[in-house]
Amino acid sequence: MSEPTATTGAESPEHDGAVTQEVTIELDRRTITVSYSAGDTLLQTARMAGLAAPYSCETGSCATCMARLTQGSARMLNNDALDEDEVGDGWVLTCQALPTSRAVRVVYE
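Residues numbered from 1 in each chain as written. Predicted model: local features only at pLDDT ≥ 70, side-chain atom pairs only at ≥ 80, totals over all residues. Heavy atoms only, no water.

For the protein, the name recorded in an unreviewed UniProt entry is 2Fe-2S iron-sulfur cluster binding domain protein, with Mycobacterium parascrofulaceum ATCC BAA-614 as its organism.

Draft legend 1. Region of the structure containing the pattern of salt bridges. Tallying each qualifying case throughout the model produces 3 salt bridges. In this structure, the salt-bridge partner of Arg105 is Glu26, at a minimum N-O distance of 2.7 Å. With Arg105 in strand 8 (residues 103-107) and Glu26 in strand 2 (residues 22-27), this residue pair connects regions lying 79 residues apart in the sequence. (Salt bridge = Lys/Arg side-chain N within 4 Å of Asp/Glu carboxyl O. Helix = DSSP H or I, 4+ residues; strand = E, 2+ residues; numbered from the N terminus.)

Draft legend 2. View of the pairing of strand 4 (residues 66-71). The sheet contact formed by strand 4 and strand 6 (residues 91-93) spans 3 bridges and is antiparallel. The residue of strand 6 that forms the bridge with Arg68 is Trp91. The sheet contact formed by strand 4 and strand 8 spans 3 bridges and is antiparallel. In the sheet register, Gln71 faces strand 8, and the bridge partner there is Arg105. (Pairing = 2+ DSSP bridges.)

Draft legend 3. Molecular detail of the sheet that holds strand 4. Within the open sheet, the 5 strands sit side by side as 3-2-8-4-6. Their pairing is mixed. Single-partner strands in this sheet number two, and they are strand 3 (30-35) and strand 6. Each adjacent strand pair in this sheet contributes to an overall mean axis angle of 30°, direction not counted. (Axes fitted to C-alpha atoms, helices over the stretch in contact; angles between N-to-C directions.)

Draft legend 4. Quick peek at the packing of aromatic side chains. Considering all chains together, one arrives at 0 aromatic pairs under this definition. Stacked on the ring of Tyr55, the Lys or Arg Arg47 has its end atom at 4.4 Å from the ring centre. (Phe/Tyr/Trp six-rings, centres within 6.5 Å; stacked < 30°, edge-to-face > 60°. Lys NZ or Arg CZ within 6 Å of the ring centre and 35° of its normal.)

What follows is the structure, given as structure tokens:
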């Protein structure tokens, strides 16, 4: 298994070449795995699953929605809130993050 990878829109994402099939989300001591709908952000996926994931601006500026990737990879369309070290540690803005691997696990801490 490879390390979780988060990239910004300017970088080319590393992924396994497969279409994302499922997303596992950990939030408020609850873990849920759902099927992924192409084009949805991780935040949209969490909300469609009935989770009250945190968010505010939905433009990638405030970091209210930040969570850590613990499996898989995602590409952020916009990132005006996280620095390179945070992205390198697997943090993503879920309102801007599109999964790029077959399975993704994201943890809201």
